[in-house]
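So the chains spell out like this:
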2 protein chains.
Amino acid sequence: MTSTDQPPPSAPALRPTKQRKAVTEAMGSFTDFRSAQEIHELLGERGEAVGLATVYRTLQRLAEAGDVDVLRTEDGEAIYRRCSDSHHHHLVCRECGATVEVEGPTVERWTRSIAAEHGYADVSHTLEIFGTCPSCS
Amino acid sequence: MTSTDQPPPSAPALRPTKQRKAVTEAMGSFTDFRSAQEIHELLGERGEAVGLATVYRTLQRLAEAGDVDVLRTEDGEAIYRRCSDSHHHHLVCRECGATVEVEGPTVERWTRSIAAEHGYADVSHTLEIFGTCPSCS
DNA sequence: AGTGAGTTGACAATCGTTCTCAACTAGTCT
DNA sequence: AGACTAGTTGAGAACGATTGTCAACTCACT
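Since the model is a prediction, treat every value here as computed from it, not as a measurement.

Conventions adopted
Residues numbered from 1 in each chain as written. Chains lettered and ligands numbered in written order. Predicted model: local features only at pLDDT ≥ 70, side-chain atom pairs only at ≥ 80, totals over all residues. Heavy atoms only, no water. Pairing = 2+ DSSP bridges. Helix = DSSP H or I, 4+ residues; strand = E, 2+ residues; numbered from the N terminus. Least-squares fit on C-alpha atoms with pLDDT ≥ 70 in both. Near = heavy atom within 4 Å. Polar contact = N/O pair within 3.5 Å; in protein donor to acceptor, adjacent residues only side chain to side chain. Contact = heavy atoms within 4.5 Å. Salt bridge = Lys/Arg side-chain N within 4 Å of Asp/Glu carboxyl O. Nonpolar A, V, L, I, M, F, W, Y, C, P; charged D, E, K, R; others polar. Phe/Tyr/Trp six-rings, centres within 6.5 Å; stacked < 30°, edge-to-face > 60°. Lys NZ or Arg CZ within 6 Å of the ring centre and 35° of its normal. Expected span 1.5 Å × (residues − 1). Buried < 20%, exposed > 50% of the residue type's maximum accessible area, 1.4 Å probe, protein only. Arc of directions from axis to C-beta.

(A) Quick look at the sheet that holds strand β1 (residues 34–35) of chain B. Residue and element names in this part refer to chain B. The three strands lie next to each other as β1-β3-β2, forming an open sheet whose pairing is antiparallel. Unpaired on one side and paired on the other, β1 and β2 (68–72) mark the two borders of the sheet. As paired elements, β1 and strand β3 (residues 78–82) share two bridges and run antiparallel to each other. What sits directly across from S35, in β3, is I79.

Next comes the structure, spelled out in structure tokens:
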């Protein structure tokens, strides 16, 4: 092992299996937030049955990689949605789930200053906005 | 049933039982966020054993009434904390859970304007800030 | 003391999620 | 192409937080 070009330790070998592709593709077919179970069901309807455990595993990977956003419903269920790379938040319709990605330098600045003010380091935050979208009200 | 003074329909009769008092009191004995199970355990240690189901029920009531804040941990567990009446957010230490309540007219304004911009009504939002507190870093 | 609606607690049941593990597969080396 | 192997899959068991069930209890009021 005298090779000089190791791949970055970040990617621990990920195989593009049929199942993973199916999940990734399915994530592109809707724009609201859905639960793992719903996504599993969707895959079944599409004729690309994938084991529930695999759906969970794949969604986890995707979330870690930042390819999907994860939210928690009021009752603790995890819901997923494909997302853009950059840091952003969501404006979600309570009724139909319609979601808009929003960015806010204002909030970013604000949270950072608040944290600094209290001496907190390594700041991160979660922010979601809920409301009733135009077509639901 | 000819009485003319009904109590406001908001309060459907709430009895101040020993258990409820115990839970409420226990909530005053710490300032970080704790899970229902931890609170149940705490009560046990204090010699005021309260059934787990009752702890859950009571915390729910308190949360509905706005007397405690509820958060979801990364893995979906609900955690509770006594809170002030006014609308506020939290700056939570990832390590020790030390929590600071923060207010932010800035954010309130921002979320409202974002929502309006997209035509969303009945806006609410959740915002939590996580970081490492001074004594943990 | 008696009454009844609200409350409790032990336990079962639910439900989302993770674990287990034998069977399978993509990629690689020969 | 065949063999090898580490990563992957899926069915089902296991798990853990939370909620439901229901008979026994208790507070507040007569």
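Let us keep going from here.
(B) Seen up close, the relation of the copies chain A and chain B. Rotating chain A by 180 degrees about the axis while translating it 0.0 Å along that axis superimposes it on chain B, leaving an RMSD of 0.0 Å. Taken together, the rotation and translation describe the operation of a two-fold axis.

(C) Representation of the protein's contact with DNA strand D within the structure. Neighbouring DNA strand D are 22 residues; R15, T17, R20 and R57 of chain A together with Y56 of chain B lie closest to it. Looking at DNA strand D alone, sugar and phosphate atoms form 64% of those within 4 Å of the protein. One of the side-chain nitrogen or oxygen atoms of T17 of chain A is found 2.6 Å away from a phosphate oxygen of DNA strand D. Measuring from a sugar or linking oxygen of DNA strand D, one finds a side-chain N or O atom of Q19 of chain A at 2.8 Å. At the level of secondary structure, the elements contributing two or more residues to the surface near DNA strand D comprise α1 (18–27) and α3 (52–64) of chain A together with α3 (52–64) of chain B.

(D) Representation of the interface of chain A and chain B. Facing 38 residues of chain A, the contacting portion of chain B comprises 38 residues. There are zero salt bridges connecting chain A and chain B. Counting the contacts that link chain A with chain B gives 14 residue pairs in polar contact (both at pLDDT 80 or more). If you list the elements that add at least two residues to the side of chain A that touches chain B, you get β4 (89–93), β5 (99–102), α4 (105–117) and β6 (121–132) of chain A. The element that contributes the greatest number of residues to the side of chain A that touches chain B is β6 of chain A, accounting for twelve residues. When grouped by side-chain class, the residues that make up the side of chain A that touches chain B number 18 nonpolar, 13 polar and seven charged. Looking at chain direction, β6 of chain A and strand β6 (residues 121–132) of chain B are connected through nine bridges and run antiparallel.

(E) Layout of the packing of aromatic side chains. For the coordinates displayed, the defined rule picks out zero aromatic pairs over all chains. A cation over a ring is seen here: R34 of chain A above F30 of chain A, with NZ or CZ 4.3 Å from the ring centre.

(F) Expanded view of α3 of chain B. Residues and elements named next belong to chain B. End to end, α3 covers 18 Å across 13 residues, agreeing with the expected 18 Å (1.5 Å per residue, within 8%). Residues of α3 that are buried include every one of V55, T58, L59 and L62, and no others. Buried residues of α3, viewed axially, fall in a sector of 100 degrees; they line one side. Set apart from the buried face of α3 by more than 90 degrees, the exposed residues are R57 and E64. Close packing links the buried residues of α3 with α1 (18–27), α2 (36–45), β2 and β3. G66 sits one or two residues past α3 and shows a positive phi near 80 degrees.

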